[in-house]
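Residue-level structural notes
In case you want the letters, here they are:
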Amino acid sequence: MKTTLILSLAAALVAGSITSVLADDQAKIDATVARLGKVCKDKLMAKFPGVPMADLNVTVAATFQQSLDSGEMGLKELQKYGASYNWEVPPKKASGNCEVNAKGKITQFTGK
């Protein structure tokens, strides 16, 4: 009985530690994605001066988001490679793609 209790407590502690680590990684992923997305938004501000910030839309690219959601890409890969975003400025009928490396430098910016 004592062995079962000890093993149950150990399993609960490990599970709690893993959950804590995963939550910490997710918070770091979210912060990194937001930081890199801001680089794209800053580029849009420069490209479309005078357009209100609310009209400069930057979203994580769908395939990139799927890689994050599926676990195919995690914090380690994000910190190594950076992220991909789609952007849109509806008042200007403009949209495109923005790739940002892990250091926060735009490596590709396409669109019209």
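Our structure is the block above this text.
Structure report, in brief. Not measured: the values here are computed from a predicted model.

**Re the overall build of the protein chain**
Within the protein chain, the regular secondary structure consists of three helices and four strands. Counted from the first residue to the last, the protein chain has its helices and strands arranged as α-β-α-α-β-β-β. In the protein chain, buried positions account for 26% of the 112 residues. Of the contacts made within the protein chain by residues no fewer than 6 positions apart, 50% connect residues no fewer than 24 positions apart. Accessible surface, the protein chain as shown: approximately 7500 Å² in total, 59% of it carbon and sulfur.

**Notes on the sheet that holds strand β2 (residues 83-89)**
What the four strands build is an open sheet, ordered β1-β2-β3-β4; its pairing is antiparallel. In the strand order of this sheet, the two ends are held by β1 (57-60) and β4 (106-111), each with one partner. Averaged over all pairs of adjacent strands, the angle between strand axes in this sheet comes to 20°, irrespective of strand direction. Where β1 meets β2, four bridges bridge the pair, whose relative direction is antiparallel. Residue Val 58 lies in a different strand from β2, and its bridge partner there is Trp 87.

**Comments concerning the packing of aromatic side chains**
The tally for this structure, following the rule as stated, stands at two aromatic pairs. Relative to Trp 87, the ring of Phe 48 lies with its centre 6.0 Å away and its plane at 50°, an arrangement referred to as tilted. Here the residue Phe 48 occupies a position in the loop between α1 (2-47) and β1, and Trp 87 occupies one in strand β2, the gap between them amounting to 39 residues. For Phe 48, a relative accessible area of 11% puts it in the buried group. A residue is classified by how much of its surface remains accessible, and Trp 87, at 2% relative accessible area, is buried. Ring geometry for Trp 87 versus Phe 109: centroids 5.2 Å apart, planes at 5°, classification stacked. Taken as a pair, Trp 87 in strand β2 and Phe 109 in strand β4 lie far apart in primary sequence, 22 residues in all. Relative accessible area serves as the criterion here: at 22%, Phe 109 is assigned to the partly exposed category. Put simply, the rings of Phe 48, Trp 87 and Phe 109 touch in pairs and so form one group of aromatic residues.

**Description of the pairing of strand β3 (residues 94-100)**
Two faces make up the sheet, and in a regular strand the side chains alternate between them. Of the strand pairs in this sheet, β2 and β3 are connected by seven bridges, and their pairing is antiparallel. The partner of Glu 88 across the bridge, within β3, is Ser 95. Between β2 and the antiparallel strand that follows it, β3, lie four residues; Lys 93 among them carries a positive phi value of about 50°. Where β3 lies against β4, five bridges are found, and the strand directions are antiparallel. Along β4, the bridge assignment pairs Val 100 with Ile 106.

About the thresholds
Residues numbered from 1 in each chain as written. Predicted model: local features only at pLDDT ≥ 70, side-chain atom pairs only at ≥ 80, totals over all residues. Heavy atoms only, no water. Helix = DSSP H or I, 4+ residues; strand = E, 2+ residues; numbered from the N terminus. Buried < 20%, exposed > 50% of the residue type's maximum accessible area, 1.4 Å probe, protein only. Contact = heavy atoms within 4.5 Å. Areas by Shrake-Rupley, 256 points an atom, 1.4 Å probe, with all protein chains shown as cover. Pairing = 2+ DSSP bridges. Axes fitted to C-alpha atoms, helices over the stretch in contact; angles between N-to-C directions. Phe/Tyr/Trp six-rings, centres within 6.5 Å; stacked < 30°, edge-to-face > 60°.

Honestly, it's all geometry; don't read function into it.
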